[in-house]
Amino acid sequence: MARNLLWVVVLIVVVSCLVWTLEASEGDADPLYKSCVDQCQKTGCVGDTCFHQCKFFSADGKANDGPWYMQEPLYLRWKQWDCQSDCQYECMMTREEERKRDGEKPTKYFGKWPLKHVYGIQEPVSAAFAALDLAIQFHGWVSYFILVYYHLPLQPNRKTYYEYNGLLHIYAIIVMNALFWSGVCHSRDVDLTERLDYSSATVLAGYTLVLAVIRSFSIHDQSAKVMVTAPVLALVATHIIYLNFYNLDEGLHRKVIYGIGGVELVVWGLWSVLTSHPSKWKLRAFFVSCILTTCLRMLDFPPYKGYVDAHALWRAAGIPLSYLWWSFIRDDAVFRTTVLLKKSK
């Protein structure tokens, strides 16, 4: 009874984390920042730092008449650093140095904390962790593939006994796609990369919810699977269409992701309490870790040394979480295969 009460308390913490938000002032409304950007676009310089884009490119990124050798090659133009974006970044860094000297706290610009760039990468630490997480997911998928096809018995038709095998392969593709576009968006946040990142994250959130429901309730009937999948698919499709063709609303996107993620955590949490699975401790550890990382994602503090913010820490925390997830899946594949083999004899 005491253990069940503990897990109920943990579930309440999930809901509390999902409704907790912090606000910060907007640095892009600072008159000194605005005047710095305006002056930079006219002169092409912020202090001793000058940008040739401001001489040969207009503020909206369109090329003016200028020597061809001064223009960026095509293979570098994907990052879309133009006069305006370069000026905004340099003025942001300059203002933050001034605020630091004056004893003021850092503030947000266009809804984001000021992060230092590395070789044109906007969020280098988050991008690196996203890439590492993708590698862990790929390793987990490959190890799972080897287990079910080469180490576990197969049916006479060469299919696996593990009934969730197809769902896990689809999950692997979806999660790696989401991590890829997340890393790209961390590298350069423009309209296209944002849309791809948000859309991929929405698909991943919806699919993991469907996977959680199907596995937790051991749903095998096809009609029941359709009943579970249809409403989630409708929500995901509606949200993606809204983001891409009506309004790319980051606030709404976060609410949708947190809402879907909250329901998924409740499903996993309840199953971890009720199941007699031999690897239930991994499932419970996964559940608790998901809560902690979700709360970590919702923290909001200035980046440490200009590089590490709450989002970067959340990305880092997701790496061991991915390893734990695939470890449980491998155990689940062994468990279910053993059970089904005994039933078939």
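Refer to the structure presented above.
Residues numbered from 1 in each chain as written. Predicted model: local features only at pLDDT ≥ 70, side-chain atom pairs only at ≥ 80, totals over all residues. Heavy atoms only, no water.

## Quick word on the state of the cysteines
Phase 1 of the analysis: According to the stated counting rule, one finds 3 disulfides in the structure shown.
Phase 2 of the analysis: Note on cysteine connectivity: Cys40 is disulfide-linked to Cys87, with sulfurs 2.0 Å apart. Between Cys40 and Cys87, the disulfide has an S-S torsion of -70° and is therefore left-handed. Highlighted residues: Cys40 in helix H2 (residues 31–43) and Cys87 in helix H4 (residues 83–101), separated in sequence by 47 residues.
Phase 3 of the analysis: By relative accessible area, which is 0% here, Cys40 ends up buried.
Phase 4 of the analysis: Overall, the relative accessible area of 0% leaves Cys87 in the buried class.
Phase 5 of the analysis: Residue Cys45 pairs covalently with Cys50 via a disulfide, S to S 1.9 Å. Here the S-S torsion is close to 105°, and the disulfide linking Cys45 with Cys50 is therefore right-handed.
Phase 6 of the analysis: Owing to a relative accessible area of 24%, Cys45 belongs among the partly exposed residues under this scheme. (Disulfide = S-S within 2.5 Å. Helix = DSSP H or I, 4+ residues; strand = E, 2+ residues; numbered from the N terminus. Buried < 20%, exposed > 50% of the residue type's maximum accessible area, 1.4 Å probe, protein only.)

## Comments concerning the pattern of salt bridges
Phase 1 of the analysis: Inspection of the entire model under this criterion finds 10 salt bridges.
Phase 2 of the analysis: The shortest N-O distance in the salt bridge between Arg95 and Glu98 comes to 2.6 Å. Residue Arg95 and its partner Glu98 are both found in helix H4; the two are separated by 3 residues, about one turn of the helix.
Phase 3 of the analysis: Since its relative accessible area comes to 8%, Arg95 is described here as buried.
Phase 4 of the analysis: Asp332 is the partner of Arg215 in a salt bridge, and the nearest nitrogen-oxygen pair spans 2.7 Å. Note that Arg215 is positioned in helix H7 (residues 191–216) and Asp332 in helix H11 (residues 310–344), a separation of 117 residues in sequence.
Phase 5 of the analysis: The class of Arg215 is buried, set by a relative accessible area of 7%.
Phase 6 of the analysis: Owing to a relative accessible area of 0%, Asp332 belongs among the buried residues under this scheme.
Phase 7 of the analysis: Within this structure, Asp30, Arg95 and Glu98 form a network of salt bridges that share partners. (Salt bridge = Lys/Arg side-chain N within 4 Å of Asp/Glu carboxyl O.)

## Brief notes about helix H5 (residues 124–151)
Phase 1 of the analysis: If you check H5, its first and last C-alpha atoms are 39 Å apart, about what 28 residues at 1.5 Å a residue would give, namely 40 Å.
Phase 2 of the analysis: Turning to H5, its buried residues are Pro124, Ser126, Ala127, Ala130, Asp133, Gln137, Gly140, Ser143, Tyr144, Leu147 and Val148.
Phase 3 of the analysis: Elements in contact with the buried residues of H5: helix H6 (165–187) and H11. (Expected span 1.5 Å × (residues − 1). Contact = heavy atoms within 4.5 Å.)

## Remarks on the nonpolar core
Inside soluble globular proteins, nonpolar side chains tend to come together where they are buried.
Phase 1 of the analysis: Judged by nonpolar contacts, the single largest core of 49 residues is most densely connected at Tyr144, Leu168, Tyr171, Trp325, Trp326 and Ile329.
Phase 2 of the analysis: Those residues within four positions of Tyr144 in sequence are excluded, and the remaining contacts are Tyr162, Tyr164, Asn165, Leu168, His169, Trp326, Ile329, Arg330 and Ala333.
Phase 3 of the analysis: Counting residues in hydrophobic clusters, the runner-up holds 14 residues, among them Cys40, Val46, Cys87 and Tyr109. (Core = buried A, V, L, I, M, F, W, Y, C linked by side-chain atoms within 4.5 Å.)

## Overview of the environment of Tyr258
Phase 1 of the analysis: In this fold, Tyr258 is placed in helix H9 (residues 250–274).
Phase 2 of the analysis: Here Tyr258 falls in the buried class, since its relative accessible area comes to 13%.
Phase 3 of the analysis: C-alpha separation for the pair Tyr258 and Ala205, spaced 53 residues apart in sequence, amounts to 9.0 Å.

## Examining the environment of Lys105
Phase 1 of the analysis: Inspection of the secondary structure assignment puts Lys105 in the loop between H4 and H5.
Phase 2 of the analysis: A sequence separation of 197 residues divides Lys105 from Pro302, and the C-alpha atoms of the two residues are 8.5 Å apart.

## Some thoughts on unusual backbone geometry
Phase 1 of the analysis: One non-glycine residue with positive phi stands out, namely Ser218, at about 50°.
Phase 2 of the analysis: Tracing the backbone through its elements, the reader meets Ser218 in the loop between H7 and helix H8 (222–245).
Phase 3 of the analysis: Of the residues examined, Ser218 reaches a relative accessible area of 38% and is grouped as partly exposed.
Phase 4 of the analysis: Even without being a glycine, Lys305 presents a positive backbone phi close to 60°.
Phase 5 of the analysis: Tracing the backbone shows Lys305 in the loop between helix H10 (280–297) and H11.

## Quick look at H10
Phase 1 of the analysis: Its 18 residues give H10 an end-to-end C-alpha distance of 25 Å, which sits within 8% of 26 Å, the value for a rise of 1.5 Å per residue.
Phase 2 of the analysis: Taken residue by residue, H10 has Lys282, Leu283, Arg284, Phe286, Phe287, Cys290, Ile291, Thr293, Thr294, Cys295 and Leu296 as its buried positions.

## Some thoughts on the packing of H5 against H11
Phase 1 of the analysis: Contact geometry for H5 and H11: axes closest at 8 Å, N-to-C directions at 5°. Judged by the angle between their axes, H5 and H11 are roughly parallel.
Phase 2 of the analysis: Its residues assigned to classes, the contact of H5 with H11 shows 17 nonpolar, 7 polar and 3 charged. (Axes fitted to C-alpha atoms, helices over the stretch in contact; angles between N-to-C directions. Parallel < 35°, antiparallel > 145°, perpendicular 65-115°, else oblique. Nonpolar A, V, L, I, M, F, W, Y, C, P; charged D, E, K, R; others polar.)

## Overview of the packing of aromatic side chains
Phase 1 of the analysis: Across all of its chains, the model carries 16 aromatic pairs by this definition.
Phase 2 of the analysis: Between Tyr33 and Phe110, the aromatic rings sit 6.4 Å apart at their centres with planes inclined by 70°, giving edge-to-face as the arrangement. You can see Tyr33 sitting in helix H2 and its partner Phe110 sitting in the loop between H4 and H5, a full 77 residues away along the chain.
Phase 3 of the analysis: The interplanar angle of 90° and the centroid separation of 6.5 Å between the aromatic rings of Trp268 and Phe286 together place this pair among those described as edge-to-face. Of this pair, Trp268 sits in helix H9 while Phe286 sits in helix H10, placing them 18 residues apart in sequence.
Phase 4 of the analysis: In this structure Trp268 comes out as buried when scored by relative accessible area, which is 2%.
Phase 5 of the analysis: Accessibility expressed as a relative area gives 9% for Phe286, which makes it buried. (Phe/Tyr/Trp six-rings, centres within 6.5 Å; stacked < 30°, edge-to-face > 60°.)

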